[in-house]
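A look at the structure
Residue strings, one per chain:
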Amino acid sequence: MRSRLTVALGRTARLAARMRGGGSGGTAFPGLVMERTDPGFLERTLSRLPRGVIVVSGTNGKTTTTKMVVQLLREQGLKVFTNRTGSNFVRGVLAALLTEVDAAGNLDADIAVLELDEAHAVHFVAQVRPRACLLLNVMRDQLDRFGEIDYTASLLHSIAKATSDVVVLNGDDPRLAAPDFLEDVTARVVSFGAGEDLRSLFLSDDDLRTGLASPRDRGEGPGPRVTLEAINGQRATVRVDGASHEVDFAIPGVHNLLNACAALGVVLEVLGEDADLPGLLATLGTVQAAFGRGEVLTLDGRPVQLSLVKNPAGFRMGLLSAAAQAQAGEVVVVAINDEYADGRDMSWLWDVDFTALRANGVAVVTGVRAWDMALRLRYDDVEVTDVEPDLRKAVALMRRAATDADRPMRIFTTYTAMLALRSILGEMTDVEEVMS
């Protein structure tokens with residue numbers, strides 16, 4: 001009876017939020033209502049799942065990697081619940097549940113795969129003990145929320161301690177694979193990582209700033225079950241349990257190839273002997289980018305790629321991916337906001353090397369912090385054609401530049417700017433609707 005009342009209340013809250021928002025929105029508010037009125041709903045609902053819960057967390061790559069894990073498990077025949085909007089607070093999980101449960105609060109799923117913000121994951125695991133967790137990396141991000149990365153690592157450590165069966169982590173991250181991180185983790189621990197020839201591509205925060213060696217370089221930490229050995233365009237060599245496999249990927253971005261290895265690692269652990277490795281590798285090759293994370297739209301007959309950036313490491317990988325795709329003469333837009341979900345402290349922009357943009361320059365800089373971004377680019381001698389804080393006007397300038405030059409487009413964007421840009425572009429072209 002309690003769950004039935006909670007579902008009814010949550011759906012009423014969602015309807016009210018949508019009416020107030022003109023028919024859109026309402027992703028987090030109903031979850032907040034449910035969290036406040038029935039704190040036990042989350043545990044009651046998810047504890048019934050026969051294969052439990054997988055938590056995916058870390059600084060970069062959560063949304064795309066979660067999507068990969070979900071698709072791999074579904075292709076193996078499992079019914080999977082996930083928070084596909086990327087609303088990765090506990091209330092976001094509750095709001096996602098609201099769209100999947102029946103009137104009595106029953107969830108028809110075998111397993112849950114949940115992307116969770118590092119801090120909110122700690123609150124989640126205090127209520128629901130995950131069967132498995134996937135920990136991707138520790139980078140400096142949202143300094144106003146997390147401070148320095150030792151604190152972020154401590155949050156991920158709490159997730160690992162709460163996990164019952166298996167922790168899958170980045171064996172190249174000096175903080176995640178360190179003996180101190182693992183010493184009181186009771187679940188078994190396995191890792192994923194990059195091969196020796198690729199390590200310089202996937203630098204940790206310590207590689208970028210202090211040069212601290214990874215545990216693997218010191219002969220410490222868990223050995224990798226899945227390794228990204230080589231990259232040749234969209235083809236990659238993935239090593240699993242000592243055997244190499246060639247995979248042709250559809251998803252753009254070199255960083256997503258390592259995310260794919262992470263996803264494969266946790267799925268192999270969860271499925272155990274039931275895992276169909278050839279089928280899993282085939283599925284990996286078909287995965288598309290999550291919304292705003294390398295997502296490619298078509299505007300005026302030309303591609304426009306959205307690249308989410310929110311910290312130095314993420315922007316660096318976005319610039320590397322753009323260079324690897326060799327889209328000569330792209331019309332580039334940089335959209336920078338500083339809302340709560342982006343992080344208020346934008347000083348991280350000064351830790352990014354933007355010299356890769358010198359050759360063709362930036363067509364438009366936009367967003368709340370457009371002038372700050374334009375100044376940062378000037379210090380790296382990157383020419384900026386227009387500074388237009390208004391996102392809608394900036395899109396118009398981008399379209400005009402792309403039409404005049406007959407070139408593809410790429411937008412590097414922070415999170416809240418990405419959501420607004422997708423909404424604006426949705427008025428002009430087909431954009432997948434993902435908000436509930």
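Below is a short write-up of the structure.

The rules behind each value
- Residues numbered from 1 in each chain as written.
- Predicted model: local features only at pLDDT ≥ 70, side-chain atom pairs only at ≥ 80, totals over all residues.
- Heavy atoms only, no water.
- Helix = DSSP H or I, 4+ residues; strand = E, 2+ residues; numbered from the N terminus.
- Buried < 20%, exposed > 50% of the residue type's maximum accessible area, 1.4 Å probe, protein only.
- Contact = heavy atoms within 4.5 Å.
- Areas by Shrake-Rupley, 256 points an atom, 1.4 Å probe, with all protein chains shown as cover.
- Core = buried A, V, L, I, M, F, W, Y, C linked by side-chain atoms within 4.5 Å.
- Pairing = 2+ DSSP bridges.
- Axes fitted to C-alpha atoms, helices over the stretch in contact; angles between N-to-C directions.
- Salt bridge = Lys/Arg side-chain N within 4 Å of Asp/Glu carboxyl O.
- Polar contact = N/O pair within 3.5 Å; in protein donor to acceptor, adjacent residues only side chain to side chain.
- Arc of directions from axis to C-beta.

**Some words on the overall build of the chain**
Secondary structure assignment for the chain yields 16 helices and 15 strands. Burial statistics for the chain: of 436 residues in total, 57% are counted as buried. Here the contacts in the chain between residues at least 6 apart in sequence split such that 74% fall between residues at least 24 apart. When the accessible area of the chain is evaluated, it comes to approximately 17700 Å², of which 48% is carbon and sulfur surface.

**Observations regarding the nonpolar core**
In this structure, Ile54, Val69, Leu73, Leu134, Leu228, Leu264 and Val266 are the most contacted members of the largest nonpolar core, which totals 48 residues. Among the elements that take part in this core, helix 11 (residues 254-271) stands out by supplying 13 residues, more than any other. Excluding residues within four positions of it along the chain, Leu264 makes contact with Leu72, Val226, Val238, Val240, Leu277, Leu280, Leu281 and Leu284. If you look at the next biggest cluster of nonpolar residues, it comprises 42 residues, including Val93, Ala96, Leu114 and Ala121.

**Overview of the sheet that holds strand 12 (residues 331-335)**
One open sheet accounts for six strands, arranged 10-11-15-12-13-14; its pairing is mixed. Edge positions in the sheet fall to strand 10 (293-299) and strand 14 (384-387), since each has one partner strand and no second. Direction aside, neighbouring strands of the sheet carry axes that sit 20° apart on average. Sheet analysis places strand 11 (residues 302-308) next to strand 15 (residues 409-413), joined by five bridges and oriented parallel. Directly across from Val304, in strand 15, lies its bridge partner Met409.

**Section: the pattern of salt bridges**
Throughout the structure, instances matching the rule amount to 23 salt bridges. Of the charged contacts, one joins Asp184 and Lys161 as a salt bridge, the two residues approaching to 4.0 Å between their closest N and O atoms. Residue Asp184 is located in the loop between helix 9 (179-182) and strand 6 (188-194), and its partner Lys161 is located in helix 8 (residues 149-162); the two are separated by 23 residues in the primary sequence. Assessed through its relative accessible area of 39%, Lys161 is described here as partly exposed. What you see here is one network of salt bridges that share partners, running through Arg188, Arg225, Asp241 and Glu269.

**Digging into the side chain of Thr366**
With respect to the element layout, Thr366 can be found in strand 13 (residues 362-366). The class for Thr366 is buried, based on a relative accessible area of 1%. Within the local environment of Thr366, its side chain forms a polar contact with the backbone oxygen of Pro389, the two atoms lying 3.3 Å apart. Among all residues touching Thr366, those that are not within four sequence positions of it are Val333, Val334, Ala335, Ile336, Glu388, Pro389, Asp390, Leu391 and Ala394.

**Looking at helix 12 (residues 277-284)**
Residues of helix 12 that are buried: Leu280, Leu281, Thr283 and Leu284. Projection of helix 12 onto a plane perpendicular to its axis shows the buried side chains occupying an angular sector of 160°, all on one side.

**Considering the sheet that holds strand 7 (residues 224-232)**
Strand order in the open sheet formed by nine strands is 2-3-1-4-5-6-7-8-9, with mixed pairing between adjacent strands. Lying at the two open borders of the sheet, with one neighbouring strand each, are strand 2 (80-82) and strand 9 (243-248). Each strand of the sheet is rotated relative to its neighbour by a mean of 20°, with strand direction disregarded. Examined bridge by bridge, strand 7 and strand 8 (residues 235-240) share six bridges and lie antiparallel to one another. The residue bridging Thr227 from the neighbouring strand is Arg239, located in strand 8. This element, helix 8, spans strand 1 (53-57), strand 4 (132-135) and strand 5 (166-170) of the sheet and lies at about 155° to strand 4.

**A look at unusual backbone geometry**
Its identity is not glycine, yet Asp300 carries a phi of approximately 55°, on the positive side. Of note, Asp381 is a non-glycine position whose phi angle comes to about 60°, a positive value. Mapping Asp381 onto the fold places it in the loop between helix 14 (370-379) and strand 14.

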